[in-house]
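Working through the structure, step by step
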Amino acid sequence: MTVTDAALVVAIDGPSGSGKSSVAKEAARRLGAAYLDTGAMYRAVTWHCLDAGTDLDDADAVAQAVRAAELEISTDPSLERVRIHGTDVTETIRLPFVSEAVSAVATNLDVREEMVRRQRALIAAQPRIVAEGRDITTVVAPDAKTRILLTASEEARLRRRGIQLGEADAAALQRQVIERDAKDSTVSNFTRASDGVITLDSSDLTFEQTVQAVLTLVDEG
Ligand SMILES: Nc1ncnc2c1ncn2[C@@H]1O[C@H](COP(=O)(O)OP(=O)(O)OP(=O)(O)O)[C@@H](O)[C@H]1O
Ligand SMILES: Nc1ccn([C@H]2C[C@H](O)[C@@H](COP(=O)(O)O)O2)c(=O)n1
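Values in this document were obtained by computation on a predicted structure and should not be read as measured data.

Cut-offs and rules
Residues numbered from 1 in each chain as written. Chains lettered and ligands numbered in written order. Predicted model: local features only at pLDDT ≥ 70, side-chain atom pairs only at ≥ 80, totals over all residues. Heavy atoms only, no water. Pairing = 2+ DSSP bridges. Helix = DSSP H or I, 4+ residues; strand = E, 2+ residues; numbered from the N terminus. Axes fitted to C-alpha atoms, helices over the stretch in contact; angles between N-to-C directions. Core = buried A, V, L, I, M, F, W, Y, C linked by side-chain atoms within 4.5 Å. Buried < 20%, exposed > 50% of the residue type's maximum accessible area, 1.4 Å probe, protein only. Contact = heavy atoms within 4.5 Å. Salt bridge = Lys/Arg side-chain N within 4 Å of Asp/Glu carboxyl O. Parallel < 35°, antiparallel > 145°, perpendicular 65-115°, else oblique. Left-handed = near helix turned anticlockwise from the far one by under 90°. Nonpolar A, V, L, I, M, F, W, Y, C, P; charged D, E, K, R; others polar. Near = heavy atom within 4 Å. Polar contact = N/O pair within 3.5 Å; in protein donor to acceptor, adjacent residues only side chain to side chain. Areas by Shrake-Rupley, 256 points an atom, 1.4 Å probe, with all protein chains shown as cover.

**Quick look at the sheet that holds strand β7 (residues 146–151)**
Read across the sheet, five strands follow the order β2-β6-β1-β7-β8 without closing on themselves; strand pairing throughout is parallel. If you trace the sheet from one side to the other, it starts and ends with β2 (34–37) and β8 (198–201), each paired once. Taking each pair of neighbouring strands and ignoring which way they run, the sheet shows an average axis angle of 20°.

**Overview of the nonpolar core**
In this structure, V45, L71, V82, I84, V111 and M115 are the most contacted members of the largest nonpolar core, which totals 37 residues. With seven residues, the top contributor of residues to this core is helix α2 (residues 38–52). Residues contacting L71, with those up to four places away along its chain left out, are M41, A44, V45, V82, R83, I84, M115 and R118. Residues V23, A33, V211 and V214 belong to the second largest nonpolar core, which totals 19 residues.

**What to know about the pattern of salt bridges**
Side chains that differ in sign of charge can pair as their charged atoms come close. A complete count under the given rule lists 14 salt bridges for this structure. A salt bridge links E26 to R30, with the nearest nitrogen and oxygen atoms 2.8 Å apart. Of the two residues, E26 and R30 are both situated in helix α1 (residues 20–31); the distance of four residues between them amounts to about one turn of the helix. Put simply, D37 and R94 hold a salt bridge, and the shortest N to O gap is 3.0 Å. A residue pair is termed long-range when its members are at least 10 positions apart, and D37 in strand β2 and R94 in the loop between β5 (87–88) and α4 (96–99) qualify at 57 residues. Residue classification places R94 among the partly exposed positions, given a relative accessible area of 32%. Overlapping salt bridges bring together K25, D37, E80 and R94 as one network.

**So, the packing of α2 against helix α6 (residues 109–124)**
Where α2 contacts α6, the two axes come as close as 11 Å, and the packing angle between them is 135°. For the element pair α2 / α6, the angle class is oblique. Crossing of α2 against α6: the hand is right-handed. From α2, T38, M41, Y42 and V45 reach across to α6, where they touch V111, R112, M115, R118, Q119 and L122. Taken together, the residues that form the contact of α2 with α6 break down as six nonpolar, two polar and two charged.

**Structural notes on the site of ligand 1**
The full set close to ligand 1 counts 18 residues, and S16, K20, S21, S22 and T210 are the nearest of them. Within the side chain of S22, an N or O atom sits 2.7 Å from an oxygen atom of ligand 1. Calculation on ligand 1 without its partners gives an accessible area of 630 Å², and the protein chains cover 82% of this total. The class makeup of the residues in the shell around ligand 1 is four nonpolar, nine polar and five charged.

**Notes on the packing of helix α3 (residues 59–67) against α6**
Between two packed helices, the angle of one axis relative to the other and the distance separating the axes together describe the packing. For the pair α3 and α6, interaxial distance at closest approach is 8 Å and the crossing angle is 15°. Between α3 and α6, the crossing angle belongs to the class labelled roughly parallel. Judged by the sense of rotation from one axis to the other, the crossing of α3 with α6 is left-handed. In this structure, α3 contributes V62, A63, V66 and R67 to the contact, and α6 contributes D110, V111, E114, M115 and R118. The class makeup of the residues in the contact of α3 with α6 is five nonpolar, no polar and four charged.

Next comes the structure, spelled out in structure tokens:
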């Protein structure tokens, strides 16, 4: 186990189903660090817009709703909790209706500016943190001590997501993994490592091997 008292920011990005959330959360636990799931923040504000009846095609209305959103997210890797305007949406934001709407909100550049501002504040508030999401290594935390692009083949990502969701419908998986990435990649680069970002391909690694590989990169960093 790698535990030190030194300040630490680890940034992990990559495509859908590559293992960012699960691997980052476990690495954070073992490092005695906080954990930030930035995708959960985009999901929560998307749920909020849908719940409020905000037209997702009205970019200004969406941005206004997001700026006004009272969003709370746990950064304890052992406590998953997201609240918006006091409503606990921890479970709801994982449902397919949110997954299929989230790109419409996440590709709004004014929304991204607001989310990046909040994410940087959450990261700065923690002495040690592992943060993950599509633009973490490039935009949110380009100065992080260790920056990792976690990848996996399309086949591995679809298989993992299918097992995770118990979803056998190939078309639904395709929408949730491949089509969502295609939309999200119009505003973030999470397929090619930028300068200083280390690529970790988990296609042929088990979950445990992937966590260990991240901890080794942090140690070496
Ligand atoms: N190396 C691995 N081997 C096998 N399964 C893995 C591995 N890494 C992650 N998984 C599993 O794959 C599934 C998807 O992982 P996870 O949700 O962490 O991906 P993600 O990159 O955060 O996706 P998204 O960006 O869509 O939220 C989870 O069930 C996770 O346990
Ligand atoms: N830093 C981030 C994090 C997430 N997103 C977008 C991309 C996804 O469609 C959506 C939900 O993320 P997930 O929970 O699937 O990781 O949010 C982003 O654009 N930037």
